[in-house]
Amino acid sequence: MMPVRRPDPSWWAHETWDGQPLRNALRARDLAPVFGFLAARGWSRASIAAATGLSENRVRGIAQRRQRITSYEVLERVAEGLRVERGLMGLAYTLQPGARALADTAHGPTSRS
């Protein structure tokens, strides 16, 4: 069995593919540029499939823009497998780094259970 590769999470906010920021592709939930970016870094369809839980055929279809992922659950799985912050894909509200501390001080301490 092939070991699952783990991408660098900073790629998604800072790198580009074909001159376009990957964060824009993620925001649009367009994974073709993301898969192209990974392929350019030596990722095979099999390694992308293993990381995301998609089939190799589905990875190929997405990379060729013949298929799109619209299921929230599948998008979550892809985000988790590729170490994409969910907020970059519009899957969850996320605060900017340090914003939680500011929010906590502005509203006082909160109890968390």
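Residues numbered from 1 in each chain as written. Predicted model: local features only at pLDDT ≥ 70, side-chain atom pairs only at ≥ 80, totals over all residues. Heavy atoms only, no water.

Quick notes on the overall build of the chain
Phase 1: Secondary structure assignment for the chain yields seven helices and two strands.
Phase 2: Burial analysis of the chain (113 residues in total) assigns 34% to the buried set.
Phase 3: Residue pairs in contact within the chain that sit at least 24 positions apart in sequence constitute 53% of those at least 6 positions apart.
Phase 4: Counting every atom, the chain has about 7100 Å² of accessible surface; 50% of that belongs to carbon and sulfur. (Helix = DSSP H or I, 4+ residues; strand = E, 2+ residues; numbered from the N terminus. Buried < 20%, exposed > 50% of the residue type's maximum accessible area, 1.4 Å probe, protein only. Contact = heavy atoms within 4.5 Å. Areas by Shrake-Rupley, 256 points an atom, 1.4 Å probe, with all protein chains shown as cover.)

As for the side chain of Asp30
Phase 1: On the secondary structure map, Asp30 appears in the loop between helix H2 (22-27) and helix H3 (32-40).
Phase 2: Looking at Asp30, its side chain comes within polar contact range of the main-chain nitrogen of Ala32, at 3.3 Å.
Phase 3: Once you skip the residues sitting within four places of it in the chain, Asp30 turns out to touch Ala25, Arg65 and Arg68. (Polar contact = N/O pair within 3.5 Å; in protein donor to acceptor, adjacent residues only side chain to side chain.)

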